[in-house]
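Descriptive structure summary
Listed below are the residues making up each chain.
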Amino acid sequence: MVSFTCKVSVTTGKMAFAGTNDNVYITLIGTDDTSDTFNLHNWGQNLVRGTTNVYYFSCKKHLGDIVLIRLEKSPHLLGDDWFCSMVTVEFEEKTYNFPCYRWLKGKESLELREGKAKKPQEDQLDILQKHRKSELESRRTLIQWAATEENIPKHVHYERPEDLPSELQLSYTKETELNFSIFKALADLGLGGITCNRDSWESMKIYEKFFNHYKTTNISEKVQKYWKEDSFFGYQYLNGTNPILIKQCKQIPPNFPVTNDMVHEFLEKSSSLQEELEKGSIYLVDYELLDGIETNIIDNKKQYLPAPLCLLYLDNEENLMPIAIQLEQKAGPENPIFLPSDSVCWLLAKTYVRSADFNYFELVTHLLRTHLLAEVFCVATLRQLPSVHPVFKVLIPHMRYTLHINILARNTLVSKGGVLDEVSSCGGKGISEVIQRGLTSLTYSALCLPDDIAARGVGGIPNYHYRDDGLKLWAAINRFVEGILKHYYPADKDVLEDTELQAWIEDIFTNGFLGREQSGIPETFLTVHELTNFLTVVIFTCSVQHSAVNSGQFDYCSWMPNAPPTMTRPPPTTKQDLIFSELIHSIADKNSTLKTLAVTRMVSYSYLDKVKLGDYPEKQFTEKRPQDLILKFRSELEKIEDEINARNTSIEIKYTYMLPSVVENSVAV
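Small disclaimer: the values here were computed from a predicted structure and weren't measured. (Residues numbered from 1 in each chain as written. Predicted model: local features only at pLDDT ≥ 70, side-chain atom pairs only at ≥ 80, totals over all residues. Heavy atoms only, no water.)

Here 4 strands make up an open sheet; going across it, the order is β4-β1-β6-β7 and the pairing antiparallel. The strands lining the two open edges of the sheet, one partner per strand, are β4 (52–59) and β7 (94–104). Each adjacent strand pair in this sheet contributes to an overall mean axis angle of 20 degrees, direction not counted. Strand direction decides the pairing type here: strand β1 (residues 4–12) and β4, joined by 8 bridges, are antiparallel. The partner of Thr5 across the bridge, within β4, is Ser58. (Pairing = 2+ DSSP bridges. Helix = DSSP H or I, 4+ residues; strand = E, 2+ residues; numbered from the N terminus. Axes fitted to C-alpha atoms, helices over the stretch in contact; angles between N-to-C directions.)

Quick look at the pattern of salt bridges now. On inspection of all chains with the given rule, the structure shows 35 salt bridges. In this structure, Asp126 and Lys130 form a salt bridge, with 3.1 Å as the shortest nitrogen-oxygen distance. Of the two residues, Asp126 and Lys130 are both situated in helix α1 (residues 126–142); the distance of 4 residues between them amounts to about one turn of the helix. Among the salt bridges present, the one from Asp494 reaches Lys493, with a minimum N-O distance of 3.8 Å. Overlapping salt bridges, with partners in common, bring together Arg113, Asp123, Arg132 and Glu500 in one network. (Salt bridge = Lys/Arg side-chain N within 4 Å of Asp/Glu carboxyl O.)

In this section: empty space enclosed by the protein. For the structure shown, the criterion picks out 2 cavities of 30 Å³ or more. In this model, the largest cavity occupies a volume close to 100 Å³. Contributing to the lining of the largest cavity are Ile244, Arg369, Ala446, Leu447, Cys448, Leu449, Asp452, Tyr466, Phe540, Thr541 and Gln545. Secondary structure elements with two or more residues in the lining of the largest cavity: α13 (444–447), α14 (449–456) and α18 (528–550). Examining the composition of the lining of the largest cavity, we find that 3 residues originate from one element, α18, more than from any other. (1 Å grid on protein atoms, 1.4 Å probe; cavity = no way out; pocket = protein on both sides within 12 Å on 5 of 7 lines; lining within 4 Å. Points joined across faces, edges and corners; volume = space filled by probe spheres on them.)

This part is about the nonpolar core. Taken as a class, soluble globular proteins show a tendency for nonpolar side chains to be buried jointly. Counting 148 residues, the largest nonpolar core has Ile246, Trp504 and Phe534 as its most contacted members. For this core, the element with the most residues is helix α8 (residues 343–384), which contributes 23 residues. Setting aside chain neighbours within four positions, we find Trp504 in contact with Phe377, Ala380, Thr381, Gln384, Leu385, Leu395, Phe525, Phe534, Leu535 and Val538. Ranked by size, the runner-up nonpolar core spans 27 residues in total, among them Cys6, Phe38, Leu63 and Cys100. (Core = buried A, V, L, I, M, F, W, Y, C linked by side-chain atoms within 4.5 Å. Buried < 20%, exposed > 50% of the residue type's maximum accessible area, 1.4 Å probe, protein only. Contact = heavy atoms within 4.5 Å.)

Before going further, it helps to spend a moment on the packing of aromatic side chains. For the structure shown, the criterion picks out 23 aromatic pairs. Both rings, one in Trp474 and one in Phe540, keep their centres 5.3 Å apart while their planes meet at 65 degrees; by these two values the pair is edge-to-face. Of this pair, Trp474 sits in helix α15 (residues 465–488) while Phe540 sits in helix α18; the two residues are 66 residues apart in sequence, bridging distant segments of the chain. Every member of this aromatic cluster is reached through a ring pair, and the members are Phe377, Tyr444, Trp504, Phe525 and Phe534. Between the NZ or CZ atom of Lys302 and the centre of the ring of Tyr304, over which it lies, the distance is 5.5 Å. (Phe/Tyr/Trp six-rings, centres within 6.5 Å; stacked < 30°, edge-to-face > 60°. Lys NZ or Arg CZ within 6 Å of the ring centre and 35° of its normal.)

Attention now moves to the UniProt feature "binding site: Fe cation" (unreviewed entry) in the chain. Per the UniProt record, "binding site: Fe cation" (unreviewed entry) is annotated on His366, His371 and His546. Over a stretch of 181 residues, the named residues converge on one spot in the fold, their C-alpha atoms separated by at most 7.8 Å. One can find His371 in helix α8. By relative accessible area, which is 5% here, His371 ends up buried. (UniProt positions renumbered as here; feature names shortened; annotations may be inferred.)

Taken together, the side chains of Asp32, Asp33, Glu92 and Glu93 define an acidic patch exposed on the protein surface. Here Asp32 is to be found in the loop between β2 (23–30) and β3 (34–39). (Patch = residues over 30% accessible without salt bridge, like charges linked within 9 Å, V, L, I, M, F, W, Y side chains within 5 Å. Areas by Shrake-Rupley, 256 points an atom, 1.4 Å probe, with all protein chains shown as cover. Lys, Arg positive; Asp, Glu negative; His and termini not counted. Charge placed at Lys NZ, Arg CZ, Asp CG, Glu CD.)

Given below as structure tokens:
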């Protein structure tokens, strides 16, 4: 009887506890027949963490092309889990790769597809069509949509991260790091037992003494030094934690009646407000979204959240200078327009603006537009795209740990009794309302960086590092995605005929953007170009954009007067003379300050268990062309890294948040 020798190489993951002592079996499923079931057992240790074990089997059947393998794990004694990374089968002079990257727990059976990416219309074999369907049915049971609030993007249904499928949870290393970082943050800040102190800060000197006691960063020290300066106030709208709000102003809004007489002394000599508007050197930041938000009650004290408008001027020295601030949306005698000549009132007005910016940034720019959208993309991907789908292979590395992190955030940051509920002026009902308004106003073009830059009219502002670095990374991601899609979707009809892809975008539109046609989010894909642009949005949002708005939180928020999480007194209604102590008594109390510091410190850490942009440790693609494109993408990122580092050598405040080596591949913190 003829027999065929089969070589099977099995790679176990590198993470802690990935290996197993359990019995593991493999069955090869070919186009012509199915093999016997073989025991993956050699003398000595088997399936050890970070190793590849090789096995030789004699197969008595002609199997044809190997299209599936079946792995079965059976507990031995107490049993343990096993993380399988990859299985490679060499049979009849052909090599077949089967990416796994999954945990097998207890007594479990798992069928894996051969790794070549395939669209649904390319699967002609009934067995492969059934496998696609079965995998998605299983995933849809494990991953379901849930809604805790109306008019907020839906999220995964799990309430506890430990209930997620194991491969979607934090690794043991990452979870240990994250838990440790909480205690490290408290230790670094020297908080001790004062996090429950509800007293206000007695003076700025006392806060300075506290600030100088804990571990700061180079930038946080500069924030302390420059926070009062108008040029630094303007700089933060370009390169701080919220660099997406500023827009060019061509006409003064009717509810913000700034006149030339008010501001001409802050413009260039012989110029006027109208002339500067026409030149394009006037910019506006408008926090209308915060108007009328129900504010928090902290320690039985009402908190305050303005909805300011701020006018800025790009002067001849390329400084973006604030020239007028109105703290509420409705113009009137009790809502004065503050000017740089207003001494302490001007500084207080800027502080109220910075507090509004903190609340807007945390809930809209950061939470909604990175974390919640990343979760939408992740849930839809897991529910609608099987692991063999080319778009699944492109996107899944950018969804690492996102569900686990977001469940933690829902439970500890934005829930009732969570950190933001306890420390921010829009805590309580205000949190949901701000997010709801943020989603209602969110458009597809705002998520496309080049379109957003053009729409806001900020393409010509100098020293806008967020824009410059972001556009380079956007272009690199776009070229990478375009190359991948051209390989798998040579014509538009390939996109139109991909039923799984169309179900994926419909899921995102319906459950993420709640069917809002006015958002401009596509409901279907008609062309390869449309798909390329959308996948660029997904990858950019989950990696670059999140890094840009997350990584600098401690840098810019640790000197609390620069970013108060709440204000304890109402915005001033007159320009009466104030003394400087008014400011320290208006900003967040000690408890709100210190809890904010601890959280921003924790999320700003650089963790060891990190996959940076361009690194793909899991070999999802097994074909040469996409692997070559990954190498090319990585090379482009290295070039961008060098360009950013070269730029940073000549500026005082280094902008590093979009360095490819800093950007993480996914929302993982």
